[in-house]
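Structure assessment
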Amino acid sequence: QLQLVESGGGLVQAGDSLTLSCAASGRTLSNYAKGWFRQAPGKEREFVAAINWSGSVIYYADSVKGRFTISRDNAKNTVYLQMNSLKPEDTAVYYCAANPAFGSIWSGSGHGIGDWGQGTQVTVSS
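Residues numbered from 1 in each chain as written. Predicted model: local features only at pLDDT ≥ 70, side-chain atom pairs only at ≥ 80, totals over all residues. Heavy atoms only, no water.

**A short note on the environment of glycine 117**
What counts, and what does not: Secondary structure elements follow DSSP: runs of H or I of four or more residues count as helices, runs of E of two or more count as strands, with numbering from the N terminus. What makes two residues a contact is simply this: any of their non-hydrogen atoms within 4.5 Å.
Mapped onto the secondary structure, glycine 117 falls in the loop between strand E10 (115-116) and strand E11 (120-125). In this structure, the C-alpha to C-alpha distance between glycine 117 and leucine 4, residues 113 residues apart in sequence, is 4.7 Å. Here glycine 117 is in contact with Leu4, Glu6, Tyr95 and Cys96, once residues within four sequence places are set aside.

**Some details on the pattern of salt bridges**
For clarity, the threshold we go by: Only one rule defines a salt bridge in this text: a Lys or Arg side-chain nitrogen within 4 Å of an Asp or Glu carboxyl oxygen. For every residue, the accessible area (1.4 Å probe, protein chains only) is compared with the maximum for its type, and the residue is labelled buried under 20%, exposed over 50%, or partly exposed between those bounds.
As enumerated under the stated definition, the model contains four salt bridges in all. In this structure, arginine 38 and glutamate 46 form a salt bridge, with 2.8 Å as the shortest nitrogen-oxygen distance. The closest approach of N and O atoms between aspartate 90 and arginine 38, which form a salt bridge, is 2.9 Å. Here aspartate 90 is found in the loop between strand E8 (78-83) and strand E9 (92-99), whereas its partner arginine 38 is found in strand E4 (residues 33-39), with 52 residues between them in sequence. Note on accessibility: aspartate 90 and arginine 38 belong to one class, buried. What emerges from the salt-bridge pattern is a single network uniting Arg38, Glu46, Arg67 and Asp90.

**Description of the nonpolar core**
Applied cut-off: Put simply, a nonpolar core is a bunch of buried Ala, Val, Leu, Ile, Met, Phe, Trp, Tyr and Cys residues held in one set by side-chain atoms that sit within 4.5 Å of each other.
Counting 33 residues, the largest nonpolar core has Trp36, Val48, Phe68, Leu81, Met83, Tyr94 and Trp106 as its most contacted members. Mapped onto this core, the elements with two or more residues apiece are strand E1 (2-7), strand E3 (18-26), E4, strand E5 (46-51), strand E7 (68-73), E8, E9 and E11. Sequence-distant contacts of methionine 83, that is, excluding residues within four places in its chain, are made with Asp16, Ser17, Leu18, Leu20, Arg67, Phe68, Tyr94 and Val122.

**Describing the state of the cysteines**
How we decide: Note on terminology: disulfide denotes any pair of cysteine sulfur atoms within 2.5 Å.
Evaluation of the coordinates by the stated rule reveals one disulfide. Each disulfide pairs two cysteine sulfurs, and for cysteine 22 the partner residue is cysteine 96, the sulfurs being separated by 2.0 Å. What sets the handedness of the cysteine 22 and cysteine 96 disulfide is the S-S torsion sign, and at about -80 degrees it is left-handed. On the criterion of sequence distance, the pair formed by cysteine 22 in strand E3 and cysteine 96 in strand E9 is long-range, its members being 74 residues apart. This pair shows no difference in class: cysteine 22 is buried, exactly as cysteine 96 is.

**Some words on the packing of aromatic side chains**
In plain terms, the rule: Aromatic rings from Phe, Tyr and Trp, taking only the six-membered ring of Trp, are treated as a pair when their centres fall within 6.5 Å; an angle between ring planes under 30 degrees marks them as stacked, one over 60 as edge-to-face, and anything in between as tilted. In this scheme, Lys NZ or Arg CZ marks a charge over a ring once it lies within 6 Å of the ring centre and within 35 degrees of the ring normal.
All told, the structure shown has four aromatic pairs when counted by the stated rule. Consider the rings of phenylalanine 37 and phenylalanine 47, whose centres lie 5.6 Å apart with planes at 70 degrees: the pair is edge-to-face. Here phenylalanine 37 is found in strand E4, whereas its partner phenylalanine 47 is found in strand E5, with 10 residues between them in sequence. Side by side, phenylalanine 37 and phenylalanine 47 carry an identical accessibility label, which is buried. Grouped by ring-pair contacts, the aromatic residues Phe37, Phe47, Trp106 and Trp116 constitute a single cluster. For arginine 45, the ring lying beneath its charged end belongs to tryptophan 116, and the centroid distance is 3.8 Å.

Rendered as structure tokens:
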């Protein structure tokens, strides 16, 4: 099991940018896909973005495509989410996740994913 710690959340205005980071540690760090989910008040958790181990394959939710960029630095065991042109509907708790498998598990609520961070709050005001 990996330990994941998110940072970088905060309060911003619509149109602003924010970068989230997720640092990982554990007994093994090889062959793990990583990504982000979010959960707004009163709504189910939803997929945001994911990246495979090498960084060669990336998935984005349609709602964030063109605005958010996921990247990873394996030397630092860290994954990032650069969020641009933020909208009030992006307001949510953002969760970092990690899992050996990459593919369809990175969708919906991500209930099959093994490792989760505690979340970081992103609030976008109008």
